[in-house]
Amino acid sequence: VLSLVERSLGAVLLFVSGFSAVSACTAAPPAEPSSPACPLSSELVKPGRLSVREYLNTLRDVLGVDASDLVPFLAKDAITATFSNSAPDLGLGPEQLRGFHLVAQKVAARFFGGDPPPSKLPCIVASKDDVECREQIVETLALRLFRRPPTKAERARLLTLANDETTDVSGVELALQAMLIAPQFLLQFERAHPDAGHTDAECAEVERLDGFAIATRLALGLTETTPDDELLAAAEAGELDSAEGVASWAKELSSRTLAREARKSFAGQWLGVDELADVELDPEVHAGFTSELREAAGHELLRLSQDYIHGDARVLDLLTADHAWASPLLGEVYGVEISGSFPERIDFPDRGDRGGLFTTSAFAMLTAKFDSVSPVRRGKYIREVILCDAPPPPPPGVPMPAADAKDNPSNVLEQHLDDPSCSSCHEYLDPIGLGLERYDGVGRLRSEYPNGDPVPERGTVVGMDSGEFEGGRELGALLATSEQAARCFTLKASSWVLRRSLEDDDPTLDRLLPVFEDSGTLDDLVNALVVSDAFLYRRREPAE
Amino acid sequence: MTRRSFNLFDAAPNQPGNVTRRRMLRGMAGIVLGLPALELLGAEAERKAWAQSGASARYLVSFHFGNGAPMRSFTPATVGSGAPSSVILDGLGEAASKVLCLSGLSTSQITRKISLDRHALTAMTSTTGIAPAPKGAGGPSFDQLAARYLGQATRFSSLVLAGAERKDPRYGRMSWAEREESVPPITDPNVLFSLLFSDAGVDGEGIELARARNRSVLDFVSESVAELERNAPQADRERLDEYMTGVRALEQSLFTAPTQECTVPDAPEGATLDDAGFEKRTAQLAELGALALACDFTRVLGFCLVPTGRDVVYRFIGLGLGDHTISHQDYQNAKGSRENYETMTRFKVSRFGELVSRLDSHGILDRCIATCFSEMSDGNDHQDDFLPVLVAGAGVPSGHRALGCSTGLLADGIAERLGADSWCKSRDPTPLSNLWLSMLQAVGVPIESFGDSSGSVDLG
């Protein structure tokens, strides 16, 4: 067992290197610096699977079919990562395939049974002998669904299906069903570029990806859908073989509406807005909590985040946002009158206790317990979402505090900090939450607890220089300028765009961090990421 | 060229005119799905083979509820035979006369050494009997192990259902096919219905044509796999293996011939997927799950009523607080909180009682081995050394037995009440895995140990 002195010493050492300040409570060793020449993590990456959103968007964009009502038939993905597009982690076993098969049948029937838009279907099969049109259909759909031209063998097999009129559906519908559950569609197999070496000869262990693989990474990572015809043509023409070409296509894709939608999807998962739907709070404790308020709060945080994840806006300014988007219900929480029935932009010119992520109603609800405000959870959210250094859960055999948290949580917190088995981790959590006690469980300002005790004013981000603050705006200002928050956001955004969970010691982060620290915008971070080795290369399989 | 390891696929009768289809008549409830004489003979032979296998049961049912139970109100006051009775177990209703309560089973011998959130830790350990891995359970759960052995002859190797879900599988899922590989549950009764009875209403010719289509589709994908595998890196080949496991299961569900007649029920209606729909939804899921066993669509049923740590609100039994919140009743320290915990757990146990009664009314209870358990004992301190466990089915008498001792048991005063001296001799808890081993052996799985089992539990 480490003594407290040893523990704090560990903490100090760990603060120096990257994150993991808080893993001091488990005393993890700092990461080894990696070879700077070829900054790719040493692991081979498992081929990804389309996420449910990517799958639905693809059906929408390639076939014009809305399959969102069929989502209940798809098995829910097991998500241990922050993002639902962590593609290597997405399973494709019996339950998933059963779901995809069921949906494939329904979607193929909708496409050919309805009125396929001419833009999606190149021709109408005129007769039994209309082989030419069948070929055209197969060629068009396979290119988009497989995200590359079909191989000779694939084309031949698909044509056999497309000409088969002996089942209960037409041949072309049969071919589409087959494509929709094919591994080429659901999984993402990447090929190396024929001229595959790294520009730096010392990087023999990595190989460059071919244009179609890059097109797929770009489209899925930036627009959450399959590449369109133009992008695939660019891949075919070799435009994605140079970093400049990739950069210019990334800019083009980022300017599309689809990219805005994808970033919204990112923000929803990054900030936990997607989890808000499951939050149930006791309205007797959290006055004013209703499902309507919960929905309004979710919309607001998503809307607010939009103001910081596009163009020249600095992402971390979200933590000190000078405005809110308040619906009439939220107006009551924020203490402002909203005249219309739609959310309005409310500016907080005097910047008192209002402004920024930690003063939003959504933040308050996401971190509340059913029947109490939890400073511990608020601290945990900030460690997980903003600083990427959440401490581990309580070790075995730790008794839960017996005191009542409802009236005044400070007695529970005192127990946490008095008992060394609790305090080694809770000192990183609870003191943050204390500085946010002025907001109740739905985000309304309060000056006292239900029992009349005054709420504490001051909080501390333990481990951070001058980590003291009062209220959500000051906390936001403190974190928005910290290197750790910048590194954490770089990790999250890179994981989203690369569609896999990066480890916090991934060498890519060291390359991207200076870019993000300098500019602070998501655009610049994305533009640097798509020309990084992590995006353009993969580790070569070791020779046997 | 193509891999041809799918025996079920190849075995599926292909010649036109060979009548092997079950006939599902158009959309009418109460219609009996007939079987041609030949198939009934096959089913009969299969049944005989099973009877000769020495297994006492043919179906395995694993029913779980999260967040533990107030053990003082769960554990019957005495040990012995006869319907177990306590404040909570009285919720079993008439099924109590078929249920055996087992006290003193534990997973703490594993979990006490591990630092992980107690909800996730105990949930993953409870069904697998081993320490968890980073992204999930450390190995297969007992129900999925049973599915490997029992799952070959039926359309689904197992059916896994849940009344509610959580995003993170380490909390939300009780069934694990492999290490870190959870089985996603079906939560929507309509999805389950269409899975079981999708071809109800299609005539024999229609079924034949659909089979031809599915065969072509699966031919295409397996040929694609063969092509993709050529010169593929190891990581790609592993992914393709996973995919092929799915393809084989899909084939099984599409082409396996039924072994017995089955009545198509009405489609479930009116249950929403939120907390308000919980009561109706879980009743419908249980009904369809029991029917799936009775129809021999599967031989393994996993049912997670509510996952650990979730705050489902049961307004329909007068509870305004969430499940997880109620389970921390001592922490709540409020008047009436223990009663809330009792009311809630009584409801959960009553869902198991209804399931047992359903299996009985389908005439298959004596061929089932069914369990009901939670991953924790008293939820407030997250302990797992005196778990609430019930068993019912083939040859299992009603009663209450005490299998081991534990500190939680002593602290709660339960041991004293039960006359602990007579049986509480050792401080070693009995591994929960012992029960899973006995259940697996009951359905004929040829294993001598499971997880951390130290022996078996006599269920006779």
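Our subject is the structure that appears above.
Residues numbered from 1 in each chain as written. Chains lettered and ligands numbered in written order. Predicted model: local features only at pLDDT ≥ 70, side-chain atom pairs only at ≥ 80, totals over all residues. Heavy atoms only, no water.

Engineer: Just checking my understanding: could you explain the overall build of chain B for this structure?
Structural biologist: The helix and strand tally for chain B stands at 17 helices and 14 strands. For chain B, with 460 residues in total, the buried portion stands at 63%. Contacts spanning at least 24 positions in sequence make up 73% of the contacts within chain B whose residues lie at least 6 apart. Roughly 16,600 Å² of accessible area belongs to chain B as shown, and the carbon and sulfur atoms make up 50% of that amount. (Helix = DSSP H or I, 4+ residues; strand = E, 2+ residues; numbered from the N terminus. Buried < 20%, exposed > 50% of the residue type's maximum accessible area, 1.4 Å probe, protein only. Contact = heavy atoms within 4.5 Å. Areas by Shrake-Rupley, 256 points an atom, 1.4 Å probe, with all protein chains shown as cover.)

Engineer: What's the story with the pattern of salt bridges in this structure? I'm lost.
Structural biologist: Pairs may arise between side chains of opposite charge once their charged atoms sit close together. Residue and element names in this part refer to chain A. In total, this model carries 47 salt bridges over all chains according to the counting rule given. Arg60 is the salt-bridge partner of Asp61, the closest N and O atoms lying 2.8 Å from each other. Residue classification places Arg60 among the partly exposed positions, given a relative accessible area of 35%. With a closest N to O distance of 3.4 Å, Glu207 and Arg540 form a salt bridge. Separated by 333 residues along the polypeptide, Glu207 in strand 3 (residues 206-208) and Arg540 in the segment after strand 8 (537-539) bring together distant segments of the chain. The exposure class assigned to Arg540 is partly exposed, which follows from its relative accessible area of 34%. Here the salt bridges share partners, and the residues they tie into one network are Asp228, Glu230, Glu252 and Arg256. (Salt bridge = Lys/Arg side-chain N within 4 Å of Asp/Glu carboxyl O.)

Engineer: What is the right way to read the packing of helix 6 (residues 171-181) of chain A against helix 9 (residues 204-229) of chain B from this model?
Structural biologist: To characterise two packed helices, one gives the angle between the axes of the helices and the distance between these axes. Orientation of helix 6 of chain A relative to helix 9 of chain B, taken along the N-to-C sense of each, is 45 degrees, at an axis distance of 9 Å. Here helix 6 of chain A is positioned oblique relative to helix 9 of chain B, judged by the angle of their axes. Classified by chirality, the crossing of helix 9 of chain B by helix 6 of chain A is right-handed. Of helix 9 of chain B, the residues touching helix 6 of chain A (which contributes A:Leu174, A:Gln177, A:Ala178 and A:Ile181) are B:Arg213, B:Ser216, B:Val217, B:Leu218, B:Phe220 and B:Val221. Grouping the amino acids of the contact of helix 6 of chain A with helix 9 of chain B by side-chain chemistry returns 7 nonpolar, 2 polar and 1 charged. (Axes fitted to C-alpha atoms, helices over the stretch in contact; angles between N-to-C directions. Parallel < 35°, antiparallel > 145°, perpendicular 65-115°, else oblique. Left-handed = near helix turned anticlockwise from the far one by under 90°. Nonpolar A, V, L, I, M, F, W, Y, C, P; charged D, E, K, R; others polar.)

Engineer: So what exactly am I meant to see when it comes to the packing of helix 5 (residues 152-162) of chain A against helix 9 of chain B here?
Structural biologist: As a packed pair, helix 5 of chain A and helix 9 of chain B sit with axes 11 Å apart at the nearest point and diverge in direction by 175 degrees. Classed by the angle they form, the pair helix 5 of chain A and helix 9 of chain B counts as roughly antiparallel. Residues A:Ala153, A:Glu154, A:Arg157, A:Leu158 and A:Leu161 of helix 5 of chain A lie in contact with helix 9 of chain B, whose contacting residues are B:Ser216, B:Phe220, B:Glu223, B:Ser224 and B:Glu227. Of the residues contributing to the contact of helix 5 of chain A with helix 9 of chain B, the split by class is 4 nonpolar, 2 polar and 4 charged.

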